[in-house]
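Working through the structure, step by step
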Amino acid sequence: MIKILKTEFVIYTALLTVLTFLMHPDLLSVPTARLGLMQEKGNYIHPLLYTFFIYLIIYFFRFVFGFVMKFFNKNK
């Protein structure tokens, strides 16, 4: 159970990092400016929510793919 949680945490963290840099490429050049904007607007939670929704979509496809693979492996 712990191994599964660690794996899902790594996937979520990697997804958060990738989405953050794709949506805000200025984080690589001027991260303090982006963090300052987040402080002004008070929108700290939105990256986590967006990542969670994308994670749910990816998890659904992983679940369907795993289910299909189990179906084909049982027939062999």
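This section reports on the structure supplied with the text. (Residues numbered from 1 in each chain as written. Predicted model: local features only at pLDDT ≥ 70, side-chain atom pairs only at ≥ 80, totals over all residues. Heavy atoms only, no water.)

A cluster of nonpolar side chains, namely Ile54, Ile57, Ile58, Tyr59, Phe60, Phe61, Phe63, Val64, Phe67, Val68, Phe71 and Phe72, defines an oily patch on the protein surface of about 1,200 Å² accessible area. By the element assignment, Val68 lies in helix H4 (residues 46-75). You can call Val68 partly exposed: its relative accessible area is 34%. (Patch = residues over 30% accessible without salt bridge, like charges linked within 9 Å, V, L, I, M, F, W, Y side chains within 5 Å. Areas by Shrake-Rupley, 256 points an atom, 1.4 Å probe, with all protein chains shown as cover. Salt bridge = Lys/Arg side-chain N within 4 Å of Asp/Glu carboxyl O. Helix = DSSP H or I, 4+ residues; strand = E, 2+ residues; numbered from the N terminus. Buried < 20%, exposed > 50% of the residue type's maximum accessible area, 1.4 Å probe, protein only.)

In total, this model carries five aromatic pairs according to the counting rule given. Both rings, one in Phe52 and one in Phe53, keep their centres 6.2 Å apart while their planes meet at 55°; by these two values the pair is tilted. In this structure an aromatic cluster arises from ring pairing among Tyr12, Tyr55 and Tyr59. (Phe/Tyr/Trp six-rings, centres within 6.5 Å; stacked < 30°, edge-to-face > 60°.)

Another point: the layout of surface pockets. Considered as a void within the structure, the largest pocket measures approximately 210 Å³ in volume. Forming the boundary of the largest pocket are 16 residues, of which His24, Arg34, Met38, His46 and Pro47 lie nearest the centre. Those elements that provide at least two residues to the lining of the largest pocket are helix H1 (2-23), helix H3 (31-41) and H4. Sort the elements by how many residues they give to the lining of the largest pocket and H3 lands first, with five residues. Considered class by class, the residues forming the lining of the largest pocket number nine nonpolar, five polar and two charged. (1 Å grid on protein atoms, 1.4 Å probe; cavity = no way out; pocket = protein on both sides within 12 Å on 5 of 7 lines; lining within 4 Å. Points joined across faces, edges and corners; volume = space filled by probe spheres on them. Nonpolar A, V, L, I, M, F, W, Y, C, P; charged D, E, K, R; others polar.)

Glancing now at the environment of Met23. If you trace the backbone, Met23 turns up in helix H1. By relative accessible area, which is 49% here, Met23 ends up partly exposed. Along the sequence, Met23 and Pro47 sit 24 residues apart, while their C-alpha atoms lie 9.7 Å from each other.

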